[in-house]
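If you want the building blocks of each chain, they are given just below.
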Amino acid sequence: MNMNNVTIYSTLTRKKERLNPITDGEIKFYSCGPTTYDFLHVGNGRALVVGDLIHRILKSLGYKVTFVRNFTDVDDKIINRAKEKGVPALEHADIFVNECKKDMHSLMMIDPTFTPKVSETIPEIIEMIERLIAKGFAYVVNGEVLYHVPRFESYGKLSKKDLEKLQHGIRVEVDDYKKHPSDFVLWKPAKGGEEEPSWDSPWGKGRPGWHIECSAMSYKFLGPAIDIHHGGIDLIFPHHENEIAQSEAANGVNFCSYWCHNEFVNFGTEKMSKSLGNVVTIRNFIEKFGGIVLRYIFVSSHYRTKLDWSDKIIQKSIEELERIHQFVIEFEQININISKDNNNNSSSSSSNNVLEKIKQELANDFNTPKALAHFFTLIRDFRRERDEKDHKDHASFSAQALSEIKEIIDFVNNSMGIIHPNPASLLNELNHAKRELTATAANATTAAVNSIDEQEIQKMIDERNLAKKEKNWAKADEIRNTLKQNKIILKDSPDGKTTWSYEP
Ligand code: AMP
Ligand code: ZN
């Protein structure tokens with residue numbers, strides 16, 4: 001494996017491409033960060049962890065990565081929330097920047113090179129807007145600056161949208177001060193009000209529109225041309241399309257070589273999102289199950305596949321983390337017991353090429369699930385080899401073999417961040433997580449039966465009778481309790497029949 005073999009799926013070309021950085025061995029990487037108006041949900045968590053994975057994997061494969069992830073701390077949602085609370089918007093945003101940092105820490109994310117906030121990038125944003133006006137790509141109407149979309153010929157190249165078709169979809173009369181219905185805001189005039197943050201500019205007091213911040217921050221820290229840009233797929237249009245239009249018009253060079261987008265976390269058939277109200281916050285999840293369990297859910301599914309939220313994926317994550325950490329403990333025990341002057345230099349058959357295979361999978365469009373599959377093969381083979389050695393009373397693993405396995409464990413951890421520094425304490429936490437999951441499942445059953453009708457009650461009684469027949473007393477009791485919580489009482493008669501009634 002060498003650095004020339006990395007491929008990335010780019011949304012720009014809709015195919016996998018060989019990674020060919022602007023500067024050999026170096027990667028300039030930008031990922032769109034969160035808007036800090038509330039606690040983040042696990043869908044946002046996926047975007048954060050995927051950004052972290054791209055960063056870690058490229059570093060582990062030998063690149064020098066300069067990674068920028070922003071915080072959007074100036075935004076309508078923040079201003080509205082701050083108004084409700086009667087606090088200044090920047091103060092409100094800062095509270096959630098700090099909460100978000102706590103989540104990131106629990107998710108075992110490593111620090112980017114730069115984490116700028118909009119409120120700290122205003123001079124650079126104004127400077128870029130001035131350049132866009134000077135070059136004829138933007139115009140001013142009553143203190144508002146707008147980007148003139150038709151002026152940028154390749155608009156639509158990322159989202160594959162046709163400007164003509166876009167025009168038909170937009171009601172012109174609403175925004176009749178715009179030269180074109182697709183024109184978007186670069187600078188908004190201040191409406192006044194204590195809570196609303198505003199800054200002086202050549203166009204009067206105001207604040208930036210959303211899209212310009214990423215173009216300005218990217219330019220400030222990475223220069224006019226970058227290698228990789230990442231965000232959730234909902235950002236392809238209009239956010240990333242507009243970033244391209246702004247950056248390429250202002251700087252006159254191709255903005256970004258590879259565009260990476262992670263798929264959604266769905267709840268039922270819909271995207272998990274605050275506005276749909278179907279969210280699980282990262283904080284709630286972490287309190288119940290721990291950050292590493294959430295991180296592992298994202299690492300063990302490929303970033304371009306949809307992730308349907310369910311108890312099953314939580315359970316799978318807990319079980320696989322258990323297997324990994326039990327192995328790490330077993331390995332450490334053997335490693336400590338081997339004398340360092342053991343001069344048996346043979347390799348372990350279990351580590352056979354595994355490191356190379358893991359690297360190849362990660363280099364293949366960040367295929368973390370396949371990389372993990374090789375790691376699980378190593379775990380299985382290691383145990384088999386150990387048991388055979390014990391059985392035949394053979395000498396233990398050679399120092400060479402152990403150092404190869406150690407190298408694999410370290411690589412897996414550096415590139416994917418899934419091994420806890422204290423495996424024994426993690427196993428305890430995972431036991432707690434399992435108990436929480438059982439309790440959650442029971443609560444879900446309760447919630448489901450809150451609206452139960454008579455037919456469903458009968459179905460549950462039948463299920464309980466079957467459980468009793470199979471001597472599954474725990475399940476039988478659970479069903480009886482669930483019904484009791486819904487004020488439904490069961491009565492078992494001696495002839496084996498069960499009747500029910502509502503609690504008086
Ligand atoms: P926002 O704070 O809404 O700007 O979102 C921050 C990041 O989370 C963006 O990259 C979004 O694309 C991403 N995101 C939001 N909702 C989801 C979801 N349900 N699944 C995956 N990513 C999401
Ligand atoms: Zn952005």
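Residues numbered from 1 in each chain as written. Chains lettered and ligands numbered in written order. Predicted model: local features only at pLDDT ≥ 70, side-chain atom pairs only at ≥ 80, totals over all residues. Heavy atoms only, no water.

## Overview of the overall build of the protein
Thinking step 1. Scanning the protein for helices and strands turns up 16 helices and 15 strands.
Thinking step 2. With the C-alpha coordinates of the protein rotated into their principal frame, the extents come out at 80 × 80 × 40 Å.
Thinking step 3. Residues classed as buried in the protein amount to 51% of the 504 residues present.
Thinking step 4. Put simply, 76% of the contacts in the protein that link residues at least 6 apart link residues at least 24 apart.
Thinking step 5. When the accessible surface of the protein is totalled, it reaches about 24000 Å², and 49% of it is carbon and sulfur.
Thinking step 6. In the protein, 66 positive and 72 negative side-chain charges are present, and the distance between their average locations comes to 3 Å. (Helix = DSSP H or I, 4+ residues; strand = E, 2+ residues; numbered from the N terminus. Buried < 20%, exposed > 50% of the residue type's maximum accessible area, 1.4 Å probe, protein only. Contact = heavy atoms within 4.5 Å. Areas by Shrake-Rupley, 256 points an atom, 1.4 Å probe, with all protein chains shown as cover. Lys, Arg positive; Asp, Glu negative; His and termini not counted. Charge placed at Lys NZ, Arg CZ, Asp CG, Glu CD.)

## Let's talk about the coordination of the zinc ion (ligand 2)
Thinking step 1. Around the zinc ion (ligand 2), the protein supplies Cys-32 (SG), Cys-214 (SG) and His-239 (NE2) as donor atoms, at distances of 2.0 to 2.2 Å.
Thinking step 2. For the zinc ion (ligand 2), all donor residues lie on one chain, and their spacing in sequence is C-x181-C-x24-H. With Cys-32 in the loop between strand S3 (26-31) and helix H1 (42-60) and His-239 in helix H7 (residues 236-251), this residue pair connects regions lying 207 residues apart in the sequence. The exposure classification of Cys-32 matches that of His-239, with both residues buried. (Donors = N, O, S within 2.8 Å, 3.2 Å for Na, K, Ca; no water.)

## A closer look at the pattern of salt bridges
Thinking step 1. In this structure the tally under the stated criterion is 28 salt bridges.
Thinking step 2. Note that Lys-316 is salt-bridged to Glu-320, the shortest N-O span being 3.6 Å. Linking Lys-316 with Glu-320, this pair stays in helix H10 (residues 311-337), spanning four residues, or about one helical turn.
Thinking step 3. Looking at Lys-316, the relative accessible area reads 39%, which means it is partly exposed.
Thinking step 4. Three or more residues are tied together by salt bridges with common partners; here these are Asp-76, Lys-188, Glu-196 and Arg-207. (Salt bridge = Lys/Arg side-chain N within 4 Å of Asp/Glu carboxyl O.)

## Side note on unusual backbone geometry
Thinking step 1. Residue Pro-238 is bonded to the preceding Phe-237 through a cis peptide linkage, with omega at 0°.
Thinking step 2. Relative to the assigned elements, Pro-238 resides in helix H7.
Thinking step 3. For Phe-366, which is not a glycine, the phi torsion comes out positive at approximately 55°.
Thinking step 4. Mapped onto the secondary structure, Phe-366 falls in the loop between helix H11 (354-363) and helix H12 (368-392).
Thinking step 5. One non-glycine residue, Lys-471, lies in the positive phi region at around 60°.
Thinking step 6. Position of Lys-471 among the secondary structure elements: in the loop between helix H15 (454-469) and helix H16 (473-485).
Thinking step 7. You can call Lys-471 exposed: its relative accessible area is 59%.

## Structural notes on H1
Thinking step 1. Across its 19 residues, H1 extends 26 Å between first and last C-alpha, which sits within 8% of the 27 Å expected from 1.5 Å per residue.
Thinking step 2. Count one or two residues on from H1 and you reach Gly-62, which has phi positive near 110°. (Expected span 1.5 Å × (residues − 1).)

## Quick word on the packing of H1 against helix H9 (residues 291-299)
Thinking step 1. It is the contact of H1 with H9, at a shortest axis distance of 9 Å, that shows an interaxial angle of 70°. Taken as axis vectors, H1 and H9 run roughly perpendicular relative to one another. Between H1, through Val-42, Gly-45, Arg-46, Val-49, Asp-52, Leu-53 and Arg-56, and H9, the contact on the second element is made entirely by Leu-294, Arg-295, Phe-298 and Val-299.
Thinking step 2. Looking at side-chain class alone, the contact of H1 with H9 contains six nonpolar, one polar and four charged residues. (Axes fitted to C-alpha atoms, helices over the stretch in contact; angles between N-to-C directions. Parallel < 35°, antiparallel > 145°, perpendicular 65-115°, else oblique. Nonpolar A, V, L, I, M, F, W, Y, C, P; charged D, E, K, R; others polar.)

## Considerations on the domain arrangement of the protein
Thinking step 1. Considered domain by domain, the protein is made up of domain 1 (20-135 + 214-307), domain 2 (314-416) and domain 3 (423-502).
Thinking step 2. The centre of domain 1, based on its C-alpha atoms, is set 34 Å off from the matching centre of domain 2.
Thinking step 3. Contact residues are listed per partner, giving 21 residues for domain 1 and 23 residues for domain 2.
Thinking step 4. Both sides of the domain 1 and domain 2 interface together cover about 1900 Å² of buried area, and 69% of this is carbon and sulfur.
Thinking step 5. Here domain 1 and domain 2 share one salt bridge between them.
Thinking step 6. The residue Asp-365 makes a salt bridge to Arg-304 at a minimum N-O spacing of 2.7 Å.
Thinking step 7. For the pair domain 1 and domain 2, the number of links is ten residue pairs in polar contact (both at pLDDT 80 or more).
Thinking step 8. Among the elements of the structure, H1, helix H8 (282-289) and H9 are those that each provide at least two residues to the side of domain 1 that touches domain 2.
Thinking step 9. When its residues are assigned to classes, the side of domain 1 that touches domain 2 shows 14 nonpolar, four polar and three charged. (Domains from an automatic or database assignment. Buried area = accessible area lost by both parts, 1.4 Å probe. Polar contact = N/O pair within 3.5 Å; in protein donor to acceptor, adjacent residues only side chain to side chain.)

## As for the pairing of strand S9 (residues 226-232)
Thinking step 1. Of all seven residues in S9, seven are buried; the element is thus mostly enclosed.
Thinking step 2. Across three bridges, the pairing between S3 and S9 is parallel. For Phe-29, the partnering residue across the bridge sits in S9 and is Ile-228.
Thinking step 3. Note that S9 and strand S10 (residues 256-262) share six bridges and pair parallel. Bridge assignment links Gly-231 to a residue of S10, and that residue is His-261.
Thinking step 4. In this region the chain leaves S9, passes through H7 and returns to the parallel neighbour S10; the handedness of that crossover is right-handed. (Pairing = 2+ DSSP bridges. Right-handed = clockwise from strand over helix to strand, strands pointing away.)

## Section: the site of ligand 1
Thinking step 1. Taken together, 16 residues lie near ligand 1, and Gly-43, Gly-232, Asp-234, Val-265 and Met-272 sit nearest.
Thinking step 2. Thr-35 is positioned with one of its backbone polar atoms (N or O) 3.1 Å from an oxygen atom of ligand 1.
Thinking step 3. Contact with the protein chains removes 91% of the 480 Å² of surface that ligand 1 exposes when unbound.
Thinking step 4. Among the elements that take part in the shell around ligand 1, H1 stands out by supplying three residues, more than any other. (Near = heavy atom within 4 Å.)

## Some points on the sheet that holds S9
Thinking step 1. The strand order across the open sheet built from four strands is S4-S3-S9-S10, with neighbouring strands paired in parallel fashion. Pairing within the sheet leaves two strands with one partner each, and these edge strands are strand S4 (64-69) and S10. For this sheet, the mean inter-axis angle between neighbouring strands, taken without regard to orientation, is 20°.
Thinking step 2. Bridge count for S3 against S4 is six bridges, and the pairing is parallel. Bridge pairing in S4 places Tyr-30 opposite Val-68.

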